[in-house]
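Examining the three-dimensional arrangement
Here are the chains, one letter per residue:
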Amino acid sequence: MGYAGAPLKVDGEIVGFLSVDTTVSDLFTDETIYWLEIFTDYAATAIKNADLYTSEQNQRELAEALAKAAASVSSTLELDEVLDLILEQTMRVIPCQAANIMAIENNHIRIIRHRGYMAHMPETTDIENLRLETTWPIFEEMYVQEKPVLVADTSSDPRWLQMPETQWVHSYIGIPLKVDQQIVGFLNIDSDKSDFLTEQYFQLSQSFADYASTAIKNARAFENSRQRSAEMAALVAAASAVSKNLNYMQVLHIVAEQITKTLQVRVCIIGSYDPQAD
């Protein structure tokens, strides 16, 4: 007999649980937990997207952007291509002039993918070779607190350090990217208008950051072991369900089905949790 479970988290809050059990002794290992966490990411994303679909005015545009971002995660293991598509869809629904994804490498931060910057920087700027310090106030805040950062007006916020390459930026949103409980990079969104980017875009930005984190996690899993074709096929099926289906109950059913196949368990249960309920 064996049991394994993991919480479903949306924006840091537990909204449910995913659990599996088996009649086979010693079937579950540390690797089981690893795959369970990946599937909980998909289940939580489905729940989050369901909330967004019902709360945003421009539902069709948002739904299409989220669907394309999710589909990019499931359709290819080429990380650069996936991140480019995520940036494209981010800029589709968030009014900004540019966006980028940064990776943390040996206490330095490097831009690994970007979109929209060439129109605002000198032609000689080599943006991909820029190296920033993790001790910069904004990045340090995101890294330590693991929360999004808003700079409504870069000219008056002491956390913003001016650079020749970013003098055109007047408002900014940054979202930390988390993989296996570690901050591995940031999604950065830039506007040339002060007070234009606001906290109302936090939830949307976080959704695209979650897709970027999942893409990085999947790419790492693929690099760590090329023997996991069945597991990767299950990931593709789960991610595809998130991208193509707006009915989150159907998505959760598919996620549970793929977990059962991948982990070879007897039962998989995904339950909701409301701390305010009686």
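Presented here is a report on the structure given in the accompanying data block. Given the structure is predicted, the values throughout are model-derived calculations rather than measurements. (Residues numbered from 1 in each chain as written. Predicted model: local features only at pLDDT ≥ 70, side-chain atom pairs only at ≥ 80, totals over all residues. Heavy atoms only, no water.)

The subject of this paragraph is the sheet that holds strand 1 (residues 2-10). In sheet architecture, strand pairing relies on hydrogen bonds along the backbone and comes in two forms, parallel and antiparallel. Strand order across the open sheet formed by three strands is 1-2-9, with antiparallel pairing between neighbours. The outermost strands of the open sheet, each flanked by one partner alone, are strand 1 and strand 9 (267-272). For this sheet, the mean inter-axis angle between neighbouring strands, taken without regard to orientation, is 15°. Where strand 1 lies against strand 2 (residues 13-22), nine bridges are found, and the strand directions are antiparallel. Within the sheet, the bridge partner assigned to Gly5 lies in strand 2 and is Ser19. (Pairing = 2+ DSSP bridges. Helix = DSSP H or I, 4+ residues; strand = E, 2+ residues; numbered from the N terminus. Axes fitted to C-alpha atoms, helices over the stretch in contact; angles between N-to-C directions.)

Here the focus is the side chain of Thr154. Among the structural elements, Thr154 can be located in the loop between strand 6 (149-151) and strand 7 (171-179). By relative accessible area, which is 4% here, Thr154 ends up buried. Leave out the neighbours within four places in its chain, and Thr154 touches Trp160, Gln162, Val169, His170 and Ser171. (Buried < 20%, exposed > 50% of the residue type's maximum accessible area, 1.4 Å probe, protein only. Contact = heavy atoms within 4.5 Å.)

On to the packing of aromatic side chains. Aromatic ring pairs: the centre-centre distance and the angle between the two ring planes describe each pair. What the rule picks out here adds up to four aromatic pairs. A ring pair is formed by Trp160 and Tyr172, whose centres lie 5.3 Å apart and whose planes are at 55°; its orientation type is tilted. Highlighted residues: Trp160 in the loop between strand 6 and strand 7 and Tyr172 in strand 7, separated in sequence by 12 residues. Tyr172 shares its class with Trp160; the two are buried. Aromatic rings pair up to connect Trp136, Phe139 and Phe186 into one cluster. (Phe/Tyr/Trp six-rings, centres within 6.5 Å; stacked < 30°, edge-to-face > 60°.)

Residue position: Ile175 is located in strand 7. Separated by 27 residues in sequence, Ile175 and Phe202 place their C-alpha atoms 8.2 Å apart.

Turning our eyes to something else, we now look at the environment of Glu133. Position of Glu133 among the secondary structure elements: in strand 5 (residues 131-133). Of the residues examined, Glu133 reaches a relative accessible area of 34% and is grouped as partly exposed. For Glu133 and Asn106, which are 27 residues apart along the polypeptide, the C-alpha to C-alpha distance reads 9.9 Å. There is a polar contact of 3.3 Å between the side chain of Glu133 and the side chain of His108. (Polar contact = N/O pair within 3.5 Å; in protein donor to acceptor, adjacent residues only side chain to side chain.)

Taken in spatial order, the six strands of this open sheet run 5-4-3-8-7-6, and their pairing is antiparallel. Every other strand in the sheet has two partners, leaving strand 5 and strand 6 as the edge strands with one partner each. Going from strand to strand, the sheet's axes swing by 30° on average, the running direction of each strand aside. In the sheet, strand 3 (residues 98-105) pairs with strand 8 (residues 182-191) via six bridges, with the strands oriented antiparallel. Across the sheet, Ala103 pairs through a bridge with Gly185, a residue of strand 8. Relative to strand 4 (residues 108-115), helix 3 (residues 79-93) is tilted by about 70°, and along the sheet it contacts strand 3, strand 4 and strand 8.

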